[in-house]
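# Observations on the three-dimensional arrangement
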Amino acid sequence: MTRQIAIDGPAGAGKSTIAKRVAKDLSFVYVDTGAMYRSIGLYMLKNGIDIHDKDAVEKASEKADVRLSYIDGTVHVLLNGEDVSTQIREEEVGKAASVVSAYPQVRKNLTALQKKLAETENVVMDGRDIGTCVLPDAFLKIYLTASPEVRGNRRYLELVEKGENPDLDEIIADIKKRDEADMTREISPLRKADDAVEVDSSDMTIDQVVAKIESLV
Ligand code: DC
């Protein structure tokens, strides 16, 4: 039997950084489910499909083959064989992912893929509905949060680091909008599972969050 750790929470709470570290320390496989939804969003943008047309997106998503591949311990995302690990991180792709992730067929296909991965490997899986829908029997569930201001500021610093000239207020407004969309959609909205441990990372370092989760393991 495999062992599973589920980490859910809003955009920018630090889920992927933390999940990667915990997975490495425990020799578990890290599964980034947001990357899968981003790949579907990217597929629609690349193929000129209107992301607001539910039927068109659901139909087109059948042709998008999303896989995770592990090269030297790093996760790469393959979309129909093409490595899209960098492209899916663009802001526009994140927004498209948020829209297409609300469609039932998209969620059904990706949820099935995620469950299958967790059947064969010990995983640390992060996303929005992992503890509530994908892995309801995970032995540890974490709900990782931080205030929109802290999350916005982290994102702002990331973009400055990349040489961009972002607007902090705009970033925070975008984060709040994304939270609203992810938490209010009809299917599998972002919410804390009843048996999840809530960790607010607003005033914690990455090391402190990792240590907290590993103490719970
Ligand atoms: O975590 P992220 O920013 O890479 O996720 C991108 C979008 O995908 C996010 O707006 C919501 C959606 N998503 C989801 O609906 N369910 C998941 N398990 C993971 C992500």
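Let me begin by describing the structure that accompanies this report.

### What to know about the pattern of salt bridges
Pairs can form between side chains of opposite charge whenever their charged atoms are close. This structure, assessed with the given rule, holds 15 salt bridges. For Asp55, the salt bridge identified is with Lys54, shortest N-O distance 3.9 Å. Judged by its relative accessible area of 36%, Lys54 falls in the partly exposed class. Asp179 is paired through a salt bridge with Arg151; the nearest N and O atoms lie 2.7 Å apart. Residue Asp179 is found in helix 8 (residues 168–184), and its partner Arg151 is found in helix 7 (residues 148–161); the two are separated by 28 residues along the sequence. On the accessibility criterion, Arg151 (3% relative accessible area) is buried. Because the salt bridges share partners, they merge into one network encompassing Lys54, Asp55 and Glu58.

### A word on the environment of Gly41
Its location among the elements puts Gly41 in helix 2 (residues 33–46). Remark: the alpha-carbon pair of Gly41 and Val123, spanning 82 residues in sequence, is separated by 24 Å.

### Topic: the site of the ligand
Near the ligand, the surroundings consist of 15 residues, among which Arg38, Arg107, Arg128, Asp129 and Arg185 are the closest. Between the ligand and the protein, one listed contact pairs an oxygen atom with a side-chain N or O atom of Asp182 at 3.3 Å. Secondary-structure elements contributing two or more residues to the shell around the ligand are helix 2, helix 4 (91–100) and helix 8. For the shell around the ligand, the element with the highest residue contribution is helix 2, accounting for 4 residues. Looking at the shell around the ligand, its residues break down into 3 nonpolar, 5 polar and 7 charged.

### Observations concerning the packing of aromatic side chains
Under the criterion given, the structure shown has 0 aromatic pairs. Across the ring face of Phe139, the terminal group of Arg3 is positioned such that the distance to the ring centre comes to 4.1 Å.

Reading the values: the criteria
- Residues numbered from 1 in each chain as written.
- Predicted model: local features only at pLDDT ≥ 70, side-chain atom pairs only at ≥ 80, totals over all residues.
- Heavy atoms only, no water.
- Salt bridge = Lys/Arg side-chain N within 4 Å of Asp/Glu carboxyl O.
- Buried < 20%, exposed > 50% of the residue type's maximum accessible area, 1.4 Å probe, protein only.
- Helix = DSSP H or I, 4+ residues; strand = E, 2+ residues; numbered from the N terminus.
- Near = heavy atom within 4 Å.
- Polar contact = N/O pair within 3.5 Å; in protein donor to acceptor, adjacent residues only side chain to side chain.
- Nonpolar A, V, L, I, M, F, W, Y, C, P; charged D, E, K, R; others polar.
- Phe/Tyr/Trp six-rings, centres within 6.5 Å; stacked < 30°, edge-to-face > 60°.
- Lys NZ or Arg CZ within 6 Å of the ring centre and 35° of its normal.

Coordinates in, geometry out; function isn't part of it.
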